[in-house]
Amino acid sequence: MTAQRTDWKNRQNRDGGWAYNKGCSWTEPTVLVLLAQSVTQVDSESFAAGLRFLRSTERVDGGWSPQPAVAESTWVTALVALLPEEAIGAQRLERALTWLEGQTGRESSWSFRLRQMIAGNEEKYPVGWPWFPGAAAWVIPTSLGILAFGRALSRGGNGKLRERVELGKEFLFSRMCADGGWNHGSNKALGRDGDSYPETTGIALAALHRGPVPAQIERAKTAARRHLATCRTAEGNAWLRMGLSAHGESVHSQSEPAPRTTIDAALIAIASAERNPLLS
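Residues numbered from 1 in each chain as written. Predicted model: local features only at pLDDT ≥ 70, side-chain atom pairs only at ≥ 80, totals over all residues. Heavy atoms only, no water.

**With respect to the nonpolar core**
Within the largest apolar cluster, 73 residues are counted, with the highest numbers of intra-cluster contacts made by L144 and L172. At 9 residues, helix α8 (residues 139-154) tops the list of elements feeding residues into this core. What L144 contacts, discounting residues up to four positions off in sequence, is W75, A78, L79, L82 and I203. (Core = buried A, V, L, I, M, F, W, Y, C linked by side-chain atoms within 4.5 Å. Buried < 20%, exposed > 50% of the residue type's maximum accessible area, 1.4 Å probe, protein only. Helix = DSSP H or I, 4+ residues; strand = E, 2+ residues; numbered from the N terminus. Contact = heavy atoms within 4.5 Å.)

Dropping the structure here:
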């Protein structure tokens, strides 16, 4: 596929960051634009300004916040950890990974499990990542955590991260919907099987790209192909293509939806590039 060319500098805010669409800069779209640039065409001035903006969202605990005005580190730390090490610096990357290593969903805490045992519920809760500290684990932050740790391991990072990657994968498999894909969290609601969504199915499938290929992966690929045939959003389309290509499938979308946001444009550029910066 041919990577998409976008005038990122023209979309860039004066503080160096990018908005979701219009308005103030945020960490998520800024990181995705920088990742898109890294596999398409880097504008050195624009890229450096984006990194300067990201330093304004770095927090003293080693994590990163969604926006300069937000004091708490959140899930966006995993996105930052996917940037090239030479871009954010080895020390910042190590601090981000350490922060991520310390984050688990609320259902993984000893206090929560103790309350469940007292109530007679001994269900096992796999360890995933939450959107923000103290909350329950969800599919997207868990998928990004797996991808960030996978990148670190490919660079020869701390081997202890491997166990957390495997636990994260267990979490994703435990949340797989009956149709083979994923939605944002629980695979059941009010006793009913939940439906999967395009973007969450694609990102979970991308996160599960390393290791053996169990039967669940084949079900997930089938679900992804089904979603891709009807998906009308650029974000969902891009994630589905990335998820399938992560498992060796050459994907050509017959009708690529037009991007409506900065994130849409960045994800399409990444999905169309010869190398996926999220995976290697």
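Having seen the structure, we can now continue with the description.
**With respect to the environment of Q41**
If you trace the backbone, Q41 turns up in the loop between α2 (27-39) and α3 (44-55). Using a relative accessible area of 56% as the deciding quantity, one classes Q41 as exposed.

**Observations concerning the confidence of the model for the protein**
Looking at the protein as a whole, its pLDDT mean stands at 88, while 87% of the residues score no less than 70. Within the protein, helix α4 (residues 76-80) carries the highest mean pLDDT (98), whereas helix α7 (residues 110-118) carries the lowest (45). Between residues 108-119, whose pLDDT stays under 50, and residues either more than four places distant or in other chains, the model counts 12 contacts. (pLDDT = per-residue confidence, 0-100.)

**Let's talk about the packing of helix α10 (residues 198-207) against helix α11 (residues 215-230)**
Put simply, α10 and α11 touch, their axes get as near as 10 Å, and they point 140° apart. Crossing handedness for the pair α10 and α11: left-handed. Within the contact between the two elements, α10 uses P198, T201 and L205 and α11 uses I217, A220, K221, A224 and H227. Across the contact of α10 with α11, the residue classes break down as 5 nonpolar, 2 polar and 1 charged. (Axes fitted to C-alpha atoms, helices over the stretch in contact; angles between N-to-C directions. Left-handed = near helix turned anticlockwise from the far one by under 90°. Nonpolar A, V, L, I, M, F, W, Y, C, P; charged D, E, K, R; others polar.)

**Examining α3**
Given a rise of 1.5 Å per residue, 12 residues ought to cover 16 Å, and the 17 Å separating the end C-alpha atoms of α3 matches this to within 8%. Within the span of α3, buried status applies to S46, F47, A49, G50, L51, F53 and L54. Where the residues of α3 are buried, they touch α1 (8-11), α2 and α5 (85-88). (Expected span 1.5 Å × (residues − 1).)

**Here's the deal with the packing of helix α12 (residues 234-245) against helix α13 (residues 262-272)**
In the contact formed by α12 and α13, the axes pass within 9 Å of each other and the chain directions differ by 25°. Put simply, α12 runs roughly parallel to α13. Relative to α13, α12 is oriented so that their crossing is left-handed. Contacts between α12 and α13 involve A234, E235, A238, W239, R241 and M242 from the first element and D264, L267, I268, I270, A271 and S272 from the second. Of the residues assigned to the contact of α12 with α13, the class counts are 8 nonpolar, 1 polar and 3 charged. (Parallel < 35°, antiparallel > 145°, perpendicular 65-115°, else oblique.)

**So, the packing of aromatic side chains**
Per the counting criterion, the structure on display carries 3 aromatic pairs. With a centroid separation of 5.7 Å and an interplanar angle of 55°, the aromatic rings of Y20 and W26 are classed as tilted. The class of W26 is partly exposed, set by a relative accessible area of 27%. For the ring pair W129 and F149, a centre distance of 5.3 Å and an interplane angle of 85° mean the geometry is edge-to-face. Here F149 lies in helix α8 and W129 lies in the loop between α7 and α8, a separation of 20 residues in the sequence. The burial state of W129 is the same as that of F149; both residues are buried. Between R164 and the ring centre of W129, over which it is positioned, the NZ or CZ distance is 4.0 Å. (Phe/Tyr/Trp six-rings, centres within 6.5 Å; stacked < 30°, edge-to-face > 60°. Lys NZ or Arg CZ within 6 Å of the ring centre and 35° of its normal.)

**Here's the deal with the pattern of salt bridges**
The full count for this structure, using the stated rule, is 6 salt bridges. Between E58 and R92 there is a salt bridge, with the nearest N and O atoms lying 2.8 Å from each other. A residue pair is termed long-range when its members are at least 10 positions apart, and E58 in the loop between α3 and α4 and R92 in helix α6 (residues 90-101) qualify at 34 residues. Residue E58 is classed as buried on the basis of its relative accessible area, which comes to 18%. What makes R92 partly exposed here is its relative accessible area of 29%. Between E249 and K221 there is a salt bridge, and its shortest N-O distance comes to 3.6 Å. Residue E249 is found in the loop between α12 and α13, and its partner K221 is found in helix α11; the two are separated by 28 residues along the sequence. Overlapping salt bridges bring together E218, K221, R225 and E249 as one network. (Salt bridge = Lys/Arg side-chain N within 4 Å of Asp/Glu carboxyl O.)

**Observations regarding the environment of E249**
Residues E249 and K221 lie 28 residues apart in sequence; the distance between their C-alpha atoms is 9.3 Å. Once residues lying within four places of it in the same chain are set aside, the contact partners of E249 are K221, R225 and L244. Of note is the side chain of E249, whose polar atom sits 2.6 Å from the side chain of R225. (Polar contact = N/O pair within 3.5 Å; in protein donor to acceptor, adjacent residues only side chain to side chain.)

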